[in-house]
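Structure assessment
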Amino acid sequence: MDLAVVDDPSFDEHRPPFPHPERPERLAAARRAADRVAKGDGRIDIAVRSASDDELARVHHAKYVEELGRSAGRWHDWDEDTYAAPRSVDAARRAAGGAIELVNALVGRRTSRGVALLRPPGHHAGPAGAMGFCLLNNVALAAAHARSLGVDRVLIVDFDVHHGNGTQDAFYSDPSVLFMSLHQFPFYPGTGSTGEVGAADGRGFTLNVPLSAGADDGVYAAAFERLVGPVAESYAPGLVLVSAGFDAHRSDPLGGMKLTAAAYRRMASELGRALPDAPIGMLLEGGYDLEALEASLVAALEGLLDPVDDGACFAEPDPAHAADLERARDAARPFWRLP
Ligand SMILES: [Zn+2]
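Residues numbered from 1 in each chain as written. Predicted model: local features only at pLDDT ≥ 70, side-chain atom pairs only at ≥ 80, totals over all residues. Heavy atoms only, no water.

**Overview of the overall build of the protein chain**
- Per the secondary structure count, the protein chain includes 10 helices and 10 strands.
- When its C-alpha atoms are laid out on the principal axes, the protein chain stretches across 50 × 45 × 40 Å.
- In the protein chain, buried positions account for 60% of the 339 residues.
- Of the accessible surface of the protein chain, which amounts to about 12,200 Å², a share of 50% is contributed by carbon and sulfur atoms.
- Here the protein chain contributes 33 positive and 49 negative side-chain charges, whose respective centroids are spaced 2 Å apart. (Helix = DSSP H or I, 4+ residues; strand = E, 2+ residues; numbered from the N terminus. Buried < 20%, exposed > 50% of the residue type's maximum accessible area, 1.4 Å probe, protein only. Areas by Shrake-Rupley, 256 points an atom, 1.4 Å probe, with all protein chains shown as cover. Lys, Arg positive; Asp, Glu negative; His and termini not counted. Charge placed at Lys NZ, Arg CZ, Asp CG, Glu CD.)

Next up, the structure:
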């Protein structure tokens with residue numbers, strides 16, 4: 001299967017002015033992973049462009065887009081974690097435009113699998129502003145673009161160790177985008193409880209799987225088997241976007257989870273197997289240990305391109321995590337039929 005790859009030299013120009021985990025070296029690791037998996041004819045490079053103001057307005061408030069524009073060309077701190085270098089706004093706009101062009105390739109069926117190696121990441125950026133290393137919400141802008149192309153149902157799965165609060169906010173009342181997030185909880189940014197299920201017509205189209213620290217491969221595999229996979233299958237999306245953060249890996253310096261690369265292979269495979277006809281695009285979010293990021297992205301892409309049962313046997317979740325999963329299933333049950 002061909003893999004579409006989004007990448008751009010501008011993403012390296014988003015550079016921290018002080019030691020910071022979200023740094024250009026991360027992208028070098030992600031590039032090594034993509035190069036290992038997508039070779040020769042099997043790789044389709046997608047040209048990147050800046051997202052337009054109209055495209056940004058589908059998710060972000062005009063006031064924030066103006067503020068962002070004014071910060072271009074200089075150093076700026078959006079909050080204590082979120083820096084912008086002189087060329088960060090250009091990088092963020094091109095990352096968003098790259099995510100949008102990936103959707104064009106997937107919806108236009110140039111290929112059915114893709115990965116966007118993006119910096120800055122996006123899932124904490126909400127309609128009103130930057131947050132948590134993120135300037136523009138790449139995955140939300142990609143989903144909104146798919147809707148504008150006539151895709152009726154878009155599924156976003158977010159397995160970054162942090163809750164994708166910005167993405168949740170963008171579609172909280174919208175049943176045409178189903179957002180499912182697995183994340184450490186309680187943890188930054190503090191949102192993502194099971195009680196957050198969407199509002200108005202969007203009730204049941206936000207599903208959170210908050211997990212206590214220390215979750216291992218077996219917990220994530222079980223979450224996909226018992227909740228994410230079955231819900232994805234019955235939603236029958238026309239497009240799947242993955243907020244692919246790799247900071248739940250056991251080597252990650254920020255996260256408190258215990259995943260190995262095998263869990264990422266399993267999650268990607270489960271999505272491919274549950275939804276054999278839907279195009280799937282992965283968008284890079286977090287992941288701050290360079291070796292873990294590279295190995296995990298390789299495994300995720302392999303699972304995406306060849307979604308077979310790899311035979312890996314994971315341990316049953318321990319009682320605390322089994323209870324976390326049951327709580328998430330209980331929250332979903334009013335809206336979805338579960339095994
Ligand atoms: Zn993260």
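**Here we look at the coordination of the zinc ion**
- The zinc ion binds to the protein through Asp160 (OD), Asp160 (OD), His162 (ND1) and Asp247 (OD); the donor distances cover 1.9 to 2.7 Å.
- One way to put it: the 4 donor atoms around the zinc ion meet at angles of 53 to 154 degrees, and that makes the site irregular. (Donors = N, O, S within 2.8 Å, 3.2 Å for Na, K, Ca; no water. Tetrahedral: all angles 85-135°; square planar, octahedral: opposite > 155°, others 65-115°.)

**Description of the side chain of Ser243**
- Counting through the fold element by element, Ser243 comes out in strand 9 (residues 239-244).
- Ser243 gets classed as buried once you look at its relative accessible area, which sits at 0%.
- Beyond its immediate sequence surroundings of up to four residues, Ser243 is in contact with His123, Val139, Val157, Asp158, Phe159, Asp160, Leu283 and Glu285. (Contact = heavy atoms within 4.5 Å.)

**Things to note about the packing of helix 7 (residues 217-235) against helix 10 (residues 319-332)**
- Orientation of helix 7 relative to helix 10, taken along the N-to-C sense of each, is 25 degrees, at an axis distance of 11 Å. Of the possible angle classes, the one that applies to helix 7 and helix 10 is roughly parallel. In this structure, the crossing between helix 7 and helix 10 has a hand that is right-handed. Along its contact with helix 7, which presents Val219, Ala222, Ala223, Arg226 and Leu227, the element helix 10 presents His321, Leu325, Ala328, Arg329 and Ala332.
- A breakdown of the residues in the contact of helix 7 with helix 10 according to their chemical character gives 7 nonpolar, 1 polar and 2 charged. (Axes fitted to C-alpha atoms, helices over the stretch in contact; angles between N-to-C directions. Parallel < 35°, antiparallel > 145°, perpendicular 65-115°, else oblique. Left-handed = near helix turned anticlockwise from the far one by under 90°. Nonpolar A, V, L, I, M, F, W, Y, C, P; charged D, E, K, R; others polar.)

**Re the environment of Gly97**
- Residue placement: Gly97 occurs in helix 4 (residues 88-107).
- Once residues within four sequence positions are removed from consideration, Gly97 is found in contact with Arg49, Ser50 and Ala51.

**Regarding the pairing of strand 9**
- Across the 6 residues that make up strand 9, a large majority, 6, are buried.
- Judged by which residues are buried, strand 9 turns out to be covered on both faces: Leu239, Leu241 and Ser243 on one side and Val240, Val242 and Ala244 on the other are all buried.
- The sheet contact formed by strand 6 (residues 154-158) and strand 9 spans 5 bridges and is parallel. Bridged to Leu155 within strand 9 is Val240.
- Examined bridge by bridge, strand 9 and strand 10 (residues 280-284) share 5 bridges and lie parallel to one another. Within the sheet, the bridge partner assigned to Ser243 lies in strand 10 and is Leu283. (Pairing = 2+ DSSP bridges.)

**Considerations on the sheet that holds strand 7 (residues 177-184)**
- If you trace the 8 strands from one edge of the open sheet to the other, you get 2-1-5-10-9-6-7-8, paired in parallel fashion. Two strands bound the open sheet, and with one partner strand each, they are strand 2 (43-46) and strand 8 (206-211). On average, each strand axis in the sheet is tilted by 15 degrees relative to the strand beside it, whichever way the strands run.
- Pairing of strand 7 with strand 8 involves 6 bridges; the strand directions are parallel. From the neighbouring strand, Ser181 faces strand 8, where its bridge partner is Asn208.

**Things to note about the nonpolar core**
- By size, the foremost hydrophobic cluster in this structure holds 108 residues, and its most contacted members are Leu155, Tyr220, Leu241, Phe246, Met282, Leu283 and Trp336.
- Residue contacts for Leu155: discarding those within four places in its chain leaves Leu178, Met180, Ala232, Tyr235, Pro237, Leu239, Val240, Leu241 and Leu275. (Core = buried A, V, L, I, M, F, W, Y, C linked by side-chain atoms within 4.5 Å.)

**Looking at the pattern of salt bridges**
- A full pass over the atoms with the stated rule returns 20 salt bridges.
- Notably, a salt bridge pairs Arg226 with Glu316, separated by 3.0 Å at the nearest N-O pair. On the criterion of sequence distance, the pair formed by Arg226 in helix 7 and Glu316 in the loop between helix 9 (290-305) and helix 10 is long-range, its members being 90 residues apart.
- The closest approach of N and O atoms between Arg327 and Asp324, which form a salt bridge, is 2.8 Å. Of this pair, Arg327 and Asp324 both sit in helix 10, 3 residues apart, which is roughly one turn of that helix. (Salt bridge = Lys/Arg side-chain N within 4 Å of Asp/Glu carboxyl O.)

**Notes on the environment of Asn138**
- Structurally, Asn138 can be placed in helix 5 (residues 138-148).
- Spatially, the C-alpha atoms of Asn138 and Arg203 are 23 Å apart, while their sequence positions differ by 65 residues.
- Each residue touching Asn138, except ones within four places of it in the same chain, is listed here: Ala92, Ala95, Ala96, Ala99, Leu118, Pro120, Pro121, Gly122 and Leu283.
- Here the side chain of Asn138 touches Pro120 through a polar contact of 3.2 Å, landing on its backbone oxygen. (Polar contact = N/O pair within 3.5 Å; in protein donor to acceptor, adjacent residues only side chain to side chain.)

**Quick look at unusual backbone geometry**
- The peptide bond linking Arg119 to Pro120 adopts the cis configuration, its omega dihedral lying at -10 degrees.
- Within the secondary structure, Pro120 sits in the loop between strand 5 (113-116) and helix 5.
- A cis amide bond links Phe185 with the next residue in sequence, Pro186, at an omega value of -5 degrees.
- One can find Pro186 in the loop between strand 7 and strand 8.
- Even without glycine at this site, Arg109 takes up a positive phi of about 60 degrees.
- Along the chain, Arg109 falls in the loop between helix 4 and strand 5.
- The class for Arg109 is partly exposed, based on a relative accessible area of 48%.
- With a phi close to 50 degrees, Ala200 is a non-glycine residue in the positive phi region.
- One can find Ala200 in the loop between strand 7 and strand 8.
- Classification of Ala200 as exposed rests on a relative accessible area of 61%.

These figures come from the coordinates and say nothing about function on their own.
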